[in-house]
Each structure stands twice: as C-alpha cells, then as structure tokens.
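# Analysis of the macromolecular model
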Amino acid sequence: MASGRQRLEELWADGRKLLGVEHAIMGGAMSWVSERNLVAAISNAGGFGVIACGAMTPDHLSAEIAGTKALTSQPFGVNLITMHPDLDALVDLCADHGVAHVVLAGGLPTTDSIRRIKYSGAKVLAFSPTLAFARKLVRIGVDAVIVEGMEAGGHIGPVSTSILAQEILPYLRDTPVFVAGGIGRGEVIAGYVRMGAAGVQLGSRFVCARESVAHPNFKKAFLRAAARDAQPSVQLDPRFRVIPVRALTNQASRDFLQKQHEVIARHDAGELDEKAAQLEIEHFWAGALRRAVVDGDVVHGSLMAGQSVGMVTSEQPMAEIMAELVDQACEALDHEN
C-alpha cells in the first residue's frame, strides 16, 4: 500500500514534470510581493516561484530575472499581463534570459503571443474562468491551465474555486490544470490533486514568508486578519464599473465608497461626463498597492489578500511553509489507506 507521500508524488506527477520541480506548488504572482527574494525562496524550497511583471518596464523585468537567477538555480517563471503595451518586448526578453515558463494573465492571449513564447522553447500557462475558455486555450497552444476562484486576493472573478474545479477538472484530462484561490493548507491540496489537478497555486499563504520583502506593516495586517476581513471591492452604480478586487478592509476601502458617492453625485449634477467620472473612480487606487506593500501605509494603501489570509498566523521561513503544506497533504492521503 502506497504511503501518502508516494501517493502525492503520483497524483501531481504531471505538474512536477511540467514545472521541473519537487512540489507542484506555484507561487501566485503578486505585484510588489512576488519579486526576486520571494520567488527564489519558493523555488529553493522545492516549489515554483513566479515573478509578477505587472506594469514593469522591460529593463525592470530584465533586472528582476537576473536578480532571481542570482538567488536560485531552480526553475521559476514570469507572469506577464496580456494587456501590457510592451508585451512583445517582454516576451522576447524572457526568451533572451532563457525563462522556461511564462504565465499569461489578464484575458485571452493571442495566438501570436503563445507562438512567440513557445518558439523560444518555453512552456506557456494561462488562466481560465470557464471550461469553454480553458478548451480554447488548449486549442491555441497553452501547455497548462490555471483556474482561480473568487476566494483569491487581487482581481477576482465571480465563481468559487470549488465550483470551477468541479466544472473543469473532470473534463480537461489531457492538459495539466493548476487550481488556485483560497488554498492555505495541505489537506485541500490533496483534495484538488485527487480530483485531477496537476498542482496548485498559492499567494496569500506566502506573503508572510521570512524571505518576503513586503513591509512589516503589511505582514502584520495579514497576521491579524480573519478570512471575513478579505472582501471584494463594491460597485455602487452599474453605470460606473468597478473591477472586483479582494483586499482587507481598511480606511482606503471605506474612502473608495465615499469617492464613488461623490463622483456619482457630481456626474448626476452635470459636473462630470460619464468618461471623466469613470476615470476618477478608476484612478482612486493608482499606486495604492505599492503604498501598502513597499511603503507600509496600511491605512491608505491597498491590502490585497485572499480569504486564506486567516490561515496566515506567523512569519516563517519559506522552506518551513512548504514543508508544512506537503506534510499536511501527505497526512491527508495517508488517511485514505
């Protein structure tokens, strides 16, 4: 009878092979958090770190990739936003650096982008919110799919992780699928790989790793938070779209509600046209994540966090976090025997 550890290695074998790692656990690409130090720590612990390119310039990303390589000899990836104005240049830059895995986020990638990445020899992973979308990604050439539920931090969709897993995993058997959103313990990792996932992706659980450069105030906010404190942003008026973002409630999130009230009132009074009003609402959060993560302003900054934040209870070395997750998964699988 196989042990829980042997069983886990069998269940996520495809994910380990695709990523080239010991544990098929990806780090979520969190802007200002998923930089060289955390990415390297995840990879050195046997997982798969992913640099969050976000709005980086090509020069900035180049320095970050080089910096990560200086800290680890293990595989890691780069997350690129499909809407980035310099996407082609960033793709070429990844190829020049020999990046073996590129994760595309922010919408349906073009066939040309996928071709450019694969031409360099790299693997392509992309996010999917539905089974139909996932099948389209496979048709246009992605090597693996990531499904992320609304429990995640940052920009979220409307469907929970558990529902997405049930809708997609049974029907996408020939392509590795990684599950993300609301994962904080190894037992749920075991559950998803039993359902057919090739691996998982975690973000919030890694924010308080000792190697994370997130400001101490940002980490303290995570350590004090409960799951219910991580709430999606609220849209007050259907005329003015607010992209849902999950973050810890603070003064900034309350101020955002007040800002929407004020802008809507000014629009209705004829002071602002619809486009100007929309821009004022969208610009409210400009630079807010950096203010929290880098500067430590947890009052007026954005505290993006997933609902698993309640399971972040101490600052630990990444190797310890990874070992805990894997041990919990193995113990859960042991209980099946």
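Residues numbered from 1 in each chain as written. Predicted model: local features only at pLDDT ≥ 70, side-chain atom pairs only at ≥ 80, totals over all residues. Heavy atoms only, no water.

## Describing the packing of aromatic side chains
All told, the structure shown has four aromatic pairs when counted by the stated rule. When the centroid spacing of 5.0 Å and the interplanar angle of 40 degrees are considered together, the rings of Phe218 and Phe222 count as tilted. Highlighted residues: Phe218 and Phe222, both in helix 10 (residues 216-224), separated by four residues, approximately one helical turn. The class of Phe218 is buried, set by a relative accessible area of 2%. Each residue in the set Phe256, Phe284 and Trp285 is aromatic and connected to the rest through ring pairs, giving one cluster. Residue placement shows Arg290 over the ring face of Trp32; its charged tip is 5.1 Å from the ring centre. (Phe/Tyr/Trp six-rings, centres within 6.5 Å; stacked < 30°, edge-to-face > 60°. Helix = DSSP H or I, 4+ residues; strand = E, 2+ residues; numbered from the N terminus. Buried < 20%, exposed > 50% of the residue type's maximum accessible area, 1.4 Å probe, protein only. Lys NZ or Arg CZ within 6 Å of the ring centre and 35° of its normal.)

## Describing the packing of helix 5 (residues 87-96) against helix 6 (residues 111-119)
Contact geometry of helix 5 with helix 6 gives a least axis separation of 9 Å together with a crossing angle of 15 degrees. Classified by the angle between their axes, helix 5 and helix 6 sit roughly parallel to one another. Crossing geometry of helix 5 relative to helix 6 is assigned as right-handed. Counted together, Leu87, Asp88, Val91 and Asp92 of helix 5 and Asp112, Ser113, Arg116 and Ile117 of helix 6 form the full contact between these two elements. In terms of residue class, the contact of helix 5 with helix 6 is built from three nonpolar, one polar and four charged. (Axes fitted to C-alpha atoms, helices over the stretch in contact; angles between N-to-C directions. Parallel < 35°, antiparallel > 145°, perpendicular 65-115°, else oblique. Left-handed = near helix turned anticlockwise from the far one by under 90°. Contact = heavy atoms within 4.5 Å. Nonpolar A, V, L, I, M, F, W, Y, C, P; charged D, E, K, R; others polar.)

## Quick word on the nonpolar core
Soluble globular proteins tend to bury their nonpolar side chains together. Formed by 95 residues in total, the largest nonpolar core has its most connected members in Ile25, Leu61, Leu80, Phe178, Phe206 and Met318. The element best represented in this core is helix 14 (residues 318-334), accounting for nine residues. Apart from the residues within four sequence positions on either side, Leu61 is in contact with Ile51, Cys53, Met56, Val78, Leu80, Leu90, Leu93 and Cys94. (Core = buried A, V, L, I, M, F, W, Y, C linked by side-chain atoms within 4.5 Å.)

## A look at the environment of Leu325
Mapping Leu325 onto the fold places it in helix 14. Considering only alpha carbons, one finds Leu325 and Phe127, 198 residues apart in sequence, at a separation of 23 Å. Once residues within four sequence positions are removed from consideration, Leu325 is found in contact with Ile25, Gly184, Arg185, Gly186, Ile189, Leu202 and Phe206.

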